[in-house]
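Next come the chains, spelled out residue by residue.
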Protein chains: 4
Amino acid sequence: MAKIPVGVLGATGMVGQQYLSLLADHPWFEVRYAAASPRSAGKTYREAVAGRWHLASSPSGGMWDLRVEDANDVSRALDANRRGCCTFVFSALEMDKDRTGALEEAYAASGIPVVSNASAHRWTADVPMLIGEVNSRHIDIIPIQQKNHGWDRGFIVVKPNCSIQSYTTPLYALLEAGYDLKRLVVTTLQAVSGAGYPGTASLDILDNTVPYIGGEEEKSENEPLKILGSLSGNAIVNAAEPRIAAHCNRVPVSDGHSACVSLEFGSRKPSIEEVKKIWTSFRGPPQDLCLPMAPELPIIVREEADRPQARKDRDAGKAMVVSVGRVRPCTVFDLRFVGLSHNTVRGAAGGGILNAELLKSRGYF
Amino acid sequence: MAKIPVGVLGATGMVGQQYLSLLADHPWFEVRYAAASPRSAGKTYREAVAGRWHLASSPSGGMWDLRVEDANDVSRALDANRRGCCTFVFSALEMDKDRTGALEEAYAASGIPVVSNASAHRWTADVPMLIGEVNSRHIDIIPIQQKNHGWDRGFIVVKPNCSIQSYTTPLYALLEAGYDLKRLVVTTLQAVSGAGYPGTASLDILDNTVPYIGGEEEKSENEPLKILGSLSGNAIVNAAEPRIAAHCNRVPVSDGHSACVSLEFGSRKPSIEEVKKIWTSFRGPPQDLCLPMAPELPIIVREEADRPQARKDRDAGKAMVVSVGRVRPCTVFDLRFVGLSHNTVRGAAGGGILNAELLKSRGYF
Amino acid sequence: MAKIPVGVLGATGMVGQQYLSLLADHPWFEVRYAAASPRSAGKTYREAVAGRWHLASSPSGGMWDLRVEDANDVSRALDANRRGCCTFVFSALEMDKDRTGALEEAYAASGIPVVSNASAHRWTADVPMLIGEVNSRHIDIIPIQQKNHGWDRGFIVVKPNCSIQSYTTPLYALLEAGYDLKRLVVTTLQAVSGAGYPGTASLDILDNTVPYIGGEEEKSENEPLKILGSLSGNAIVNAAEPRIAAHCNRVPVSDGHSACVSLEFGSRKPSIEEVKKIWTSFRGPPQDLCLPMAPELPIIVREEADRPQARKDRDAGKAMVVSVGRVRPCTVFDLRFVGLSHNTVRGAAGGGILNAELLKSRGYF
Amino acid sequence: MAKIPVGVLGATGMVGQQYLSLLADHPWFEVRYAAASPRSAGKTYREAVAGRWHLASSPSGGMWDLRVEDANDVSRALDANRRGCCTFVFSALEMDKDRTGALEEAYAASGIPVVSNASAHRWTADVPMLIGEVNSRHIDIIPIQQKNHGWDRGFIVVKPNCSIQSYTTPLYALLEAGYDLKRLVVTTLQAVSGAGYPGTASLDILDNTVPYIGGEEEKSENEPLKILGSLSGNAIVNAAEPRIAAHCNRVPVSDGHSACVSLEFGSRKPSIEEVKKIWTSFRGPPQDLCLPMAPELPIIVREEADRPQARKDRDAGKAMVVSVGRVRPCTVFDLRFVGLSHNTVRGAAGGGILNAELLKSRGYF
């Protein structure tokens, strides 16, 4: 099978690098188009990231010789699209929200689907915010989105913030098993890579933790409600529950977001053993479809007293798994647990690629 | 005024070193007796801590030349006591709980009061577990304790675990202001010095956090209830509320424990501004009595969005202050805040010294 | 081809775990025998490492169900050897030097070859200390060693200390190209995993570096001389040069040892470009023989101003490469460079496996 | 004695904050004038540093209410100078070298002496680069500098780079004792605060070290030669020796630069004991004059095997001491040692203040 040619917007940034790295050997997709800021335009990708390549691994492959285009110039992408070099784009744009939103719409309007990592359209009513294992049914809003805008082939799908990945899939698995979720208090310990590059200054985080990340608590409290919402008529209707209180901390960890959760169920309350069984046996469409980026199991339950840990568990299942541990009763609510996921893979580029795989499997590309 | 000669049990350990360091220039107390394990007995203090001195500062003073005694040999301390060299002892013993408890009782029985940092007697019914600003009235149980055991001059007082110091005083200030506390979820980010030395292995904590500290969550949930309890008849009766759920994490920070708290009040609920005002104006007996180790203010409220932070706030107020910040409404309960205190000063040796100062001001030495 | 069954002595320790992990999918070798301290004997490997598994990855495979034997009991290994389950052993023993040395000899005497990671026999005259790319010719001393001891099939080979791996291969490549080495000053920045587990206490290394590692400077100065020595008659004769002065530092890095080197050549001095060319084109027997554990290139020369770095370069080439950078003139000697290698892979288990592969390719198993 | 009113240029930056903090309780100087970039001009100092105060301690004092001026506007400073509010200025300017150099000259030309921390004038022939204990005699070039420029009261003195502070004073002490220094190889392990704020990105330094700091090796090799140079006629003549080769590394340490040194003497070579004695007994003019910022001893020799260490020794002697340890023979040259100093105190603001104290004691203010 010939690979589908794809583009990456914001290709030189932290998440963009992660996209190119993860796509280097992808069985379905091949990066044939890279766009970034005007500053990088005209350079080879190698030149554009010189001195700014942040990943440990330096994947080999033709991507290093790609000519970087100006991401603001949609016509270049359209040109590539017509030449058969850019069927859709991954957006890892790092501009301000308004410009990102407008630019993503411009790509969609030109006929190029956008699979976005950016936050600009997360709360756009007809844009699905997808976690492959949780709400793939929200994909069905795409035709409505296209109709709303008068777009024929283009559309926009987004993925949620990295901070919610460590608990949203476990929450959904419990819901799916028939247990209502009323409220939860979640405290996150988030890696510095979540702040991009240069991001957190070393002087702010060595021998320190910082109990604040701008905008992160709001995202952590609200985004799960859209994801757990239902497609009703022409709109995604947010779930009314669970109510979430988030405390977000930055910690001196390179990759891997942890979440300590205290959860209150509705009147039906599963036992600890039932909870573990639900999580261990949970599967979603990415697993059923054997998508290339999908982990074999979306959730791994650790029985050790002191796991999951960022350094030891972030890379589990191609860094796409949510590792859960310390599953125990809560003295205030019903259930306590710790969730952990890799913020730049599952929580960013890997999640975006999984979304694209899901879309392809539904016939969108 | 001649200084009161005191002893330190467990003088060569991490907390013991902190005691000797903090007492080096104390206006009331002077370390004249140091005891540790048989391994150290007979050496000078300088020799005994050679290669094991963990503090940044190396206080000058005569303590370096003290002859270290065997802490198991109460008769040596009694001898010193009779010679006027050891009025009471600070216990920073690091043996197992049973041996520590028995040894502390032996000192008390011999007539030497014990101001302890150890956990052995925290749940002994007639032993007060003191935070100077919170429950100094529990000191009144000492005569009952002495009567229970038939001790004349000896007695035991303890201080609570370091993990609860970052939120218990703020909670008490709200209670004292007339607001009932129903429930709270607290997630701690705790420094490695809390595990003693060698304590946490560097391989377990570099680029990592660990979501488990043995026994710490139970202490964090239960100890506040004794401290907030009331002296009724011959016993300290635990408070029934608030119910506490704790998640305790170890983080790569040298000193300073943080606590992220979501709190539910009873029917009366203060506004955010009232909460801040209560904390800012809170004072306890240590402040009223101008005790040497007491910070000018027990609680400092930070208004910056990203404070308190371990590295920047742990040393506030002689490292005896609880710094509080991010005071804001909770979407699940009523109030959210972050508390921070220095775990080896306020949370260990400094808290013990403050307890001793309080006892002296009440005429106990 | 049926895999060769091998044993691992000290299988539960840090390096032992690395051996079992790296051998999980090895094309030639299969771990069929695991031995450790009497404390672990009788348990399954899974039970024996419970709570002590330090690696990020947890390789699947039958090794988890292996019954751990007492490493002190050579007869058990001999039994396994006779049953065809233990052709040779990797030694990752962590006992004291004398006991390790004696035990390794006992295995060899019983007829079981020992490929050791331990330091006990590094200075035994008839034991080769091997870096596959540098002194594989020293393997020829094995028959002499066997004759000296009257051993028929057993023998001992060792690998050098992890600290020297970051500069010894680059030095050898220059020697091989015909440039005499007179003197060098090398300063190492060494990862905490080099100290084993629990090893370095976190309180000693957070926000800190330590300018001393017991015994490490002597090894760093002397071991290269044996490795660069020549097989003359019945003995390995140490090289007389280069003279080495080492400064060894522990730094807060999990894995990866760096070395800053200032080097003085003899009368012939290569240009910087020649040096880079020598290193880039250097190959050794492991490459020529396409050994499974061998990196494609033993040395990678980085041209970026700020590489190699531990986190970004330690995993290059299956973590078996020496990454070299900052190749530039020296204002005091002739050449300066920075070398980096992965201390628990190339510097420990990976290096040991490469040695075994080399031995097998020479017909020793 | 009325305090001398001083100004700080670049008052809101990292070093500027350190100046204001160290000067808060200074017995001779009082900050009455603060200037920074136009962006800060017009704000109170409190407003200007809001969210950018990097030090652990927040000194109290009137400085928080100072109105910040535009550092580019010399006339404002001159005005303050005439009103008796700004006798001289400390320059902690962080602009590019050319603009900093020109601006410092403009202040000097207007009659305001400049005690600078910046690198702009370090190699200006008639500007002394001072370490109080080493080359205070270079102060005598000031009249020549004033004559060269036609300045009456203004002048410029600078201090050297932070990286050289950990070894230059020990080197000088040996020279002064009559031992010629031929060559040295020095490898530094430098703290992130040396890069200013935000400076080093956390992603670049967590679980990592970086073997390169732009421009630092050149400064580390050359600046000592001017400092060890002699005042000959109208010029400072650089010392011809020692020849220095520097390897500069950034490490995950907040404050404190370490230096590992291998040193070659001329024909006369002191014993290790002589070296220690020379360092222990070394004193300079700051000690003789009992300057307020001077440490009691400029050099402390540690005998422990594993000291000095950044976290434990950086604050020794008001963070103005050079701690030296591991004094031992070198296998390549003659002497090895490790030096450590606090880079933002001795290596920046504290060193600048000591220079000003020295100038005042010579009658310059």
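Residues numbered from 1 in each chain as written. Chains lettered and ligands numbered in written order. Predicted model: local features only at pLDDT ≥ 70, side-chain atom pairs only at ≥ 80, totals over all residues.

**Topic: the overall build of chain A**
Phase 1: A count of helical and extended segments in chain A gives 13 helices and 14 strands.
Phase 2: For chain A, the C-alpha radius of gyration of 20 Å lies close to 21 Å, the compact-globule estimate for 365 residues.
Phase 3: The principal-axis extents of the C-alpha atoms in chain A amount to approximately 60 × 50 × 35 Å.
Phase 4: Counting only residues that meet the buried cut, chain A has 61% of its 365 residues in that class. (Helix = DSSP H or I, 4+ residues; strand = E, 2+ residues; numbered from the N terminus. Rg over C-alpha atoms; globule rule 2.2 N^0.38 Å. Buried ≥ 20, exposed ≤ 12 C-beta atoms within 10 Å, placed from the backbone.)

**Quick notes on the relation of the copies chain D and chain B**
Phase 1: Overlaying chain D with chain B gives an RMSD of 0.0 Å, the required rotation being 180° about an axis along which the chain moves by 0.0 Å. Such values leave the two copies arranged in the relation of a two-fold axis. When C-alpha distances to the rotation axis are compared across chain D, the minimum falls at Asp207(D), with a value of 3.0 Å.
Phase 2: Both copies present the same face, since 100% of the interface residues in chain D are matched by interface residues at the equivalent positions in chain B. (Least-squares fit on C-alpha atoms with pLDDT ≥ 70 in both. Contact = placed C-beta atoms within 7 Å.)

**Re the sheet that holds strand E2 (residues 29-36) of chain A**
Residue and element names in this part refer to chain A.
Phase 1: Strand order in this open sheet of six strands is E3-E2-E1-E4-E5-E6, and the pairing throughout is parallel. Edge positions in the open sheet fall to strand E3 (68-70) and strand E6 (156-158), since each of these has one partner strand only. Going from strand to strand, the sheet's axes swing by 30° on average, the running direction of each strand aside.
Phase 2: Bridging between strand E4 (residues 88-91) and strand E5 (residues 114-116) involves three bridges; their strand directions are parallel. Counted as the bridge partner of Ser 91 is Ser 116 from E5.
Phase 3: Here helix H13 (residues 345-361) sits on the sheet and contacts E2, E4, E5 and E6; the angle it forms with E5, its principal contact strand, is near 145°. (Pairing = 2+ DSSP bridges. Axes fitted to C-alpha atoms, helices over the stretch in contact; angles between N-to-C directions.)

**Brief notes about the interface of chain D and chain B**
Phase 1: Taken together, the contact pairs nine residues of chain D with nine residues of chain B.
Phase 2: Broken down by class, the residue content of the side of chain D that touches chain B amounts to two nonpolar, two polar and five charged. (Nonpolar A, V, L, I, M, F, W, Y, C, P; charged D, E, K, R; others polar.)

**Observations regarding the relation of the copies chain B and chain A**
Phase 1: Superposing chain B onto chain A takes a rotation of 180° combined with a translation of 0.0 Å along the rotation axis, leaving an RMSD of 0.0 Å.
Phase 2: When you check the interface residues of chain B against chain A, 100% turn up at the interface there too, and the contact is symmetric in its surfaces.

**Focus: the sheet that holds strand E11 (residues 257-265) of chain B**
Residues and elements named next belong to chain B.
Phase 1: Within the open sheet, the six strands sit side by side as E10-E7-E11-E14-E13-E12. Their pairing is mixed. Every other strand in the sheet has two partners, leaving strand E10 (243-250) and strand E12 (299-301) as the edge strands with one partner each. Averaged over neighbouring strand pairs, the angle between their axes works out to 20° when direction is ignored.
Phase 2: Strand direction decides the pairing type here: strand E7 (residues 181-190) and E11, joined by eight bridges, are antiparallel. When the bridges of E11 are listed, Leu 184 appears paired with Leu 263.
Phase 3: Across the face of the sheet, helix H8 (residues 216-227) comes into contact with E7 and E10 while running at roughly 145° to E10.

**Observations concerning the interface of chain B and chain A**
Buried accessible area, meaning the area lost when the parts come together, often serves as the stated size of an interface.
Phase 1: In this assembly, 35 residues from chain B lie in contact with 35 residues from chain A.
Phase 2: When contributions to the side of chain B that touches chain A are tallied by element, the ones reaching two or more residues are E7, E10, E11, helix H11 (310-313) and strand E14 (335-341) of chain B.
Phase 3: For the side of chain B that touches chain A, the class distribution of residues is 17 nonpolar, ten polar and eight charged.

**Quick word on the domain arrangement of chain A**
All names here are of chain A.
Phase 1: Under the domain assignment, chain A is made up of domain 1 (4-162 + 348-361) and domain 2 (163-342).
Phase 2: The C-alpha-based centres of domain 1 and domain 2 are spaced at 25 Å.
Phase 3: Domain 1 puts 31 residues into the contact, and the matching count from domain 2 is 31 residues.
Phase 4: Ranked by residues supplied to the side of domain 1 that touches domain 2, first place goes to H13 with six residues.
Phase 5: Its residues assigned to classes, the side of domain 1 that touches domain 2 comprises 15 nonpolar, ten polar and six charged. (Domains from an automatic or database assignment.)

**Here's the deal with the nonpolar core**
Phase 1: By size, the foremost hydrophobic cluster in this structure holds 473 residues, and its most contacted members are Val89(A), Val89(B), Val89(C) and Val89(D).
Phase 2: When residues no more than four places from it in sequence are discounted, the contact partners of Val89(A) are Val6(A), Gly7(A), Val8(A), Leu9(A), Ala77(A), Tyr107(A), Ile112(A) and Val114(A). (Core = buried A, V, L, I, M, F, W, Y, C linked by C-beta atoms within 7 Å.)

**Some details on the environment of Ser267(A)**
Phase 1: Along the chain, the position of Ser267(A) falls in the loop between strand E11 (257-265) and helix H9 (272-281).
Phase 2: Along the primary structure Ser267(A) and Arg39(A) are separated by 228 residues, whereas in three dimensions their C-alpha atoms are 57 Å apart.

**Notes on the confidence of the model for chain A**
Phase 1: Per-residue confidence for chain A averages 96 on the pLDDT scale, and 99% of its residues sit at or above 70.
Phase 2: Two summary scores accompany this predicted model of the complex, namely pTM at 0.96 and ipTM at 0.96. (pLDDT = per-residue confidence, 0-100.)

**So, the pairing of strand E14 (residues 335-341) of chain A**
Residues and elements named next belong to chain A.
Phase 1: Among the seven residues of E14, seven are classified as buried, and the element is accordingly described as predominantly covered.
Phase 2: Bridge analysis of E11 against E14 gives seven bridges, and the strand direction is antiparallel. Residue pairing for E14: Leu 263 is matched across the bridge by Leu 335.
Phase 3: By the bridge criterion, five bridges tie strand E13 (residues 322-329) to E14 in an arrangement that is antiparallel. Counterpart to Val 324 in the pairing with E14 is Gly 339.
Phase 4: Following E13, the chain reverses through five residues before pairing antiparallel with E14.

**Observations regarding unusual backbone geometry**
Phase 1: Residue Pro242(B) is bonded to the preceding Glu241(B) through a cis peptide linkage, with omega at 0°.
Phase 2: Here Pro242(B) shows up in the loop between strand E9 (235-237) and E10.
Phase 3: Here the residue pair Arg307(C) and Pro308(C) is connected by a cis peptide bond, since its omega of 5° sits within 30 degrees of zero.
Phase 4: Structurally, the position occupied by Pro308(C) is in the loop between strand E12 (299-301) and helix H11 (310-313).
Phase 5: A positive phi is found at Ala319(A), a non-glycine position, where the angle reads about 65°.
Phase 6: The residue Ala319(A) is located in helix H12 (residues 316-319) in this model.

**Focus on the environment of Tyr197(A)**
Phase 1: With respect to the element layout, Tyr197(A) can be found in the loop between strand E7 (181-190) and helix H7 (202-205).
Phase 2: The contact partners of Tyr197(A), leaving out residues within four places of it in the chain, are Met14(A), His54(A), Ala201(D) and Leu203(D).

**Considerations on the pairing of strand E13 (residues 322-329) of chain C**
Residues in a regular strand point their side chains to alternate faces of the sheet.
Phase 1: Looking at chain direction, E12(C) and E13(C) are connected through three bridges and run parallel. Across the sheet, the residue bridging to Ile300(C) is Ser323(C), located in E13(C).

**Remarks on the environment of Val89(A)**
Phase 1: Counting through the fold element by element, Val89(A) comes out in strand E4.
Phase 2: The exposure class assigned to Val89(A) is buried, which follows from the 31 C-beta atoms found within 10 Å.

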